[in-house]
Amino acid sequence: MAFKGAIVVDNEKCKGCGVCVANCPTGTLALAKHVNSRGYNYAYMAEPDKCIGCTNCATVCPDDVITVYKVKI
Amino acid sequence: MDVKDIIKPENMVYGKTKLLTDNILHYCPGCSHGVVHKLIAEVIDEMGIQDKTIGISPVGCAVFAYNYIDIDWEEAAHGRAPALATATKRLNPDKYVFTYQGDGDLASIGTAEIMHACNRGENIVVIFINNAIYGMTGGQMAPTTLLGMKTATTPYGRRADLNGYPLKITELIAQLEGTCYVTRQSVETAPAVRKAKKAIRKAFENSMMKKGTSFVEIVSTCNSGWKIPPVKANKWMEENMFPFYPLGDMKDR
C-alpha cells in the first residue's frame, strides 16, 4: 500500500527555520527563494511528487504552520 | 494524483490544534519553545481538560506563553512558579496544574522553590526547558551552561575554576522522595517529539493520581543565544548536550 501526501504551509506565519526541511525523509521540502511580508524564506514543497504524508515536518515545526494531507493510492 | 486532489478536509492527517491561538509566536525561528507549546496544547486537547488546566508561566522567553495556549494562566515572579503552583493545586485539587520554566528560572533563581515543591510531592507537572543559556536577556551563562561553552558572560568558554560546573538539576530532583516521574526528553526530530509528547501526557495523568510531582525536562536549543542557525543548533545539541544530559526516564513509579 502506498500513500501520497501534500502539505499546506501558512506562508505568513512560517519563519523559515528549515527544521522541517532537515526532517523530511524524502527531500520534498525546501525553503523558498521568495520571502513573506516579515522577511522569512518560507518552506514549500519543492518536489510535491515525493511527499508521502508522514507528518514529520508538521511534528517538528516550532510554529505549527504546516497542515498535512494524505491519501491511499 | 494532483496536489489539489489531496488537499481536502477529509484527507487531513495533521493540523494545528484548536487550543493554540492564532497569534504568531514571538520566539526566534526554530526555537524549541514553539514545539513544546504545541505538545502541551495537543496533550490538553486530547485529554479534554481545557477548562480544568491552569498553567503557570515563568519569567524568561516563555513569559508570554499565555498568549498562545488557550487555557487559564497565572504569571509567577522569577523562579516562583512552583510556589504558585503549590497554592493553586492545593486550593483547586480537581484542576491540572503545570508550571513551564526555563533553566534560568528553574535551576538558578528558583532552585529553592523547585526543590521544596518536589520534596513536598506536590501533585503538579513541571515542564523544564533546558537550553543551557539565558535566552531572553541576551545569552548569558546559566547554571546549566556546558563547560567550554561560549556565552555573553563567558566569552572564552565556561571554566570550572572560575564559573563552577554545569548543574544537573534533573538528576538532583530524581533523588527526592516527593517526585514520581522524572524524565529528560528532546524535541529536535520527529521521533523525539513523539516521545516527548508521551512523557508530557504521562506527567499530566500522574498529577491526578496523587503520586507526587512529575518533572519533564526538555533539552532544547537557543539559536540566538548560541549564535548557531536552527538546523545546526539541533546538531550541536545532539553532539554536545546529549552526552552531558543523557535522555531517558530517571524515575518512574
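Residues numbered from 1 in each chain as written. Chains lettered and ligands numbered in written order. Predicted model: local features only at pLDDT ≥ 70, side-chain atom pairs only at ≥ 80, totals over all residues. Heavy atoms only, no water.

For helix α10 (residues 230-244) of chain B, which comprises 15 residues, the first-to-last C-alpha distance of 20 Å matches the rise-based estimate of 21 Å (1.5 Å per residue) to within 8%. Along its length, α10 of chain B shows its largest kink, about 35°, at M237 of chain B. Buried residues in α10 of chain B make contact with α1 (19-23) of chain A together with β5 (125-130), β6 (179-186), β7 (213-219) and α9 (223-226) of chain B. (Helix = DSSP H or I, 4+ residues; strand = E, 2+ residues; numbered from the N terminus. Expected span 1.5 Å × (residues − 1). Bend = angle between axes of the 7 residues up to and from the residue. Contact = heavy atoms within 4.5 Å.)

Let's shift gears to the nonpolar core. With 41 residues, the main nonpolar core has I40, F98, I127, I200, F204 and I218 of chain B as its most contacted residues. If you list the elements that add at least two residues to this core, you get α2 (32-47), β4 (96-102), β5, β6, α8 (190-206) and β7 of chain B. Examining the composition of this core, we find that 8 residues originate from one element, α2 of chain B, more than from any other. Non-local contacts of I40 of chain B, meaning those with residues more than four positions away in its chain, are made with I69, F98, Y100, I127, I200 and F204 of chain B. Listed in part, the 22 residues of the second largest apolar core include C51, V68 and Y69 of chain A together with Y14 of chain B. (Core = buried A, V, L, I, M, F, W, Y, C linked by side-chain atoms within 4.5 Å. Buried < 20%, exposed > 50% of the residue type's maximum accessible area, 1.4 Å probe, protein only.)

Here we come to the sheet that holds β7 of chain B. Residues and elements named next belong to chain B. Across the sheet, which stays open at both edges, the 7 strands sit in the order β3-β2-β4-β5-β7-β6-β8 with mixed pairing between neighbours. Edge positions in the sheet fall to β3 (72-75) and β8 (248-252), since each of these pairs with one other strand and no more. Taking each pair of neighbouring strands and ignoring which way they run, the sheet shows an average axis angle of 15°. Strand direction decides the pairing type here: β4 and β5, joined by 5 bridges, are parallel. Bridged to F98 within β5 is V125. (Pairing = 2+ DSSP bridges. Axes fitted to C-alpha atoms, helices over the stretch in contact; angles between N-to-C directions.)

Right, let's get into unusual backbone geometry. Residues and elements named next belong to chain A. Look at T55: it is not a glycine, yet its phi comes out positive at around 70°. With respect to the element layout, T55 can be found in the loop between β3 (43-45) and α2 (56-60). Backbone geometry at D64 places phi at a positive 55°, although glycine is not the residue there. Turning to its location among the elements, D64 is positioned in the loop between α2 and β4 (66-72).

Let's shift gears to the interface of chain A and chain B. Taken together, the 35 residues of chain A in the interface contact 36 residues of chain B. Surface buried jointly by chain A and chain B totals about 2,700 Å² across both partners, of which 66% is contributed by carbon and sulfur atoms. Of all residues in chain A, T59, D64 and Y69 of chain A bury the most surface against chain B, accounting for 22% of the area lost on that side. At the boundary of chain A with chain B, the tally comes to 12 residue pairs in polar contact (both at pLDDT 80 or more). When contributions to the side of chain A that touches chain B are tallied by element, the ones reaching two or more residues are β1 (3-9), α1, α2 and β4 of chain A. A class-by-class count of the residues in the side of chain A that touches chain B yields 19 nonpolar, 8 polar and 8 charged. As defined by bridge partners, β4 of chain A adjoins strand β1 (residues 12-14) of chain B across 2 bridges and the pair is classed as antiparallel. The residue of β1 of chain B that forms the bridge with Y69 of chain A is M12 of chain B. (Buried area = accessible area lost by both parts, 1.4 Å probe. Polar contact = N/O pair within 3.5 Å; in protein donor to acceptor, adjacent residues only side chain to side chain. Nonpolar A, V, L, I, M, F, W, Y, C, P; charged D, E, K, R; others polar.)

Here we take up empty space enclosed by the protein. Rolled over the atoms, a probe sized like a water molecule indicates the empty space that remains. Applying the stated criterion across every chain yields a total of 4 cavities of 30 Å³ or more. Class assignment for the residues of the lining of the largest cavity results in 5 nonpolar, 4 polar and 5 charged. (1 Å grid on protein atoms, 1.4 Å probe; cavity = no way out; pocket = protein on both sides within 12 Å on 5 of 7 lines; lining within 4 Å. Points joined across faces, edges and corners; volume = space filled by probe spheres on them.)

Residues and elements named next belong to chain B. Taken as a whole and assessed by the stated rule, the structure comprises 15 salt bridges over all chains. For R80, the salt bridge is made with E113, and the minimal N-O distance between the two is 3.5 Å. Taken together, the residues span a long stretch of sequence, with R80 in the loop between β3 and α3 (81-91) and E113 in helix α5 (residues 111-120) at a distance of 33 residues. Among the salt bridges present, the one from R90 reaches E122, with a minimum N-O distance of 2.7 Å. In this pair, R90 is assigned in helix α3 and E122 in the loop between α5 and β5, connecting sequence segments 32 residues apart. (Salt bridge = Lys/Arg side-chain N within 4 Å of Asp/Glu carboxyl O.)

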